[in-house]
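# Analysis of the macromolecular model
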Amino acid sequence: DERAKFLADVHRLVGEVFGGDDDDDDAPLAFARSLVAVDAVWVASRRSGVPIRSDDDAPPSSPRLLRRGAADHHHRAAAAAAAETAFGLFRRAAAPLRLVEPSPQSYGDARRACRRYLSRDACRAATLVLLANDPYYGGLGDDVIVATSSPSSGGLALRHELGHALGDVGEEYDGGDDYS
């Protein structure tokens, strides 16, 4: 079932990034384990996985980039993505295996879901992570982190995006836009 897979993915990724309960763990962020609390909130989607949108149908690449007067088809595509997945995440057809992007409503929906299941204070202090049910690499480090559940690269993507969100770390690769 999808809920059980989600919880197993969360447990695996937390272990890969922060380690387990033993003191000899060599996970990359094991030193920060005592500073981190993880609450997993399951929100069901109508479909499993991350949809791929043609560039003509995809909303602007970031919720911040959506401006008043943006083309109507962007709003329709964002609404269609939201109807399929709980937070409207998608991949662009032109680069389907690189980035999982949010729709304009993704971050607000994530914050509302947090407040619905956890306390307002916990959500205010939290760094939210949207875990996309997708077997391939992908992520985005912003006000809300997006990472995939990829068995081979999900932990790497999550660490990378946590670096952007928590430490204002720039990109380690050529061609990235974030050189903080």
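Let us look at the structure shown here. (Residues numbered from 1 in each chain as written. Predicted model: local features only at pLDDT ≥ 70, side-chain atom pairs only at ≥ 80, totals over all residues. Heavy atoms only, no water.)

## Brief notes about the pattern of salt bridges
Counted according to the given criterion, the structure contains 9 salt bridges. Between Arg-91 and Asp-134 there is a salt bridge whose closest N-O contact spans 2.9 Å. Here the residue Arg-91 occupies a position in strand β2 (residues 91-92), and Asp-134 occupies one in the loop between β3 (129-132) and β4 (139-140), the gap between them amounting to 43 residues. Like Asp-134, Arg-91 is buried. Among the ionic pairs, Arg-124 bridges to Asp-121, the shortest N-O distance being 3.3 Å. Residue Arg-124 and its partner Asp-121 are located together in helix α4 (residues 120-125), separated by 3 residues, close to a single helical turn. (Salt bridge = Lys/Arg side-chain N within 4 Å of Asp/Glu carboxyl O. Helix = DSSP H or I, 4+ residues; strand = E, 2+ residues; numbered from the N terminus. Buried < 20%, exposed > 50% of the residue type's maximum accessible area, 1.4 Å probe, protein only.)

## Focus on the pairing of strand β5 (residues 145-148)
Remark: a regular strand shows side chains that alternate across the two faces of the sheet. Residues Ile-145 and Ala-147 line one face of β5 and the alternating positions Val-146 and Thr-148 line the opposite face, and both faces are buried. One ladder, built from 4 bridges, connects β3 with β5; its direction is parallel. Counted as the bridge partner of Leu-131 is Ala-147 from β5. Pairing of β4 with β5 involves 2 bridges; the strand directions are antiparallel. Each residue of the ladder has a partner; that of Leu-140, found in β5, is Val-146. Hairpin connection between β4 and β5: a loop of 4 residues separates the two successive antiparallel strands. (Pairing = 2+ DSSP bridges.)

Honestly, that's just the spatial picture; any functional story needs more than this.
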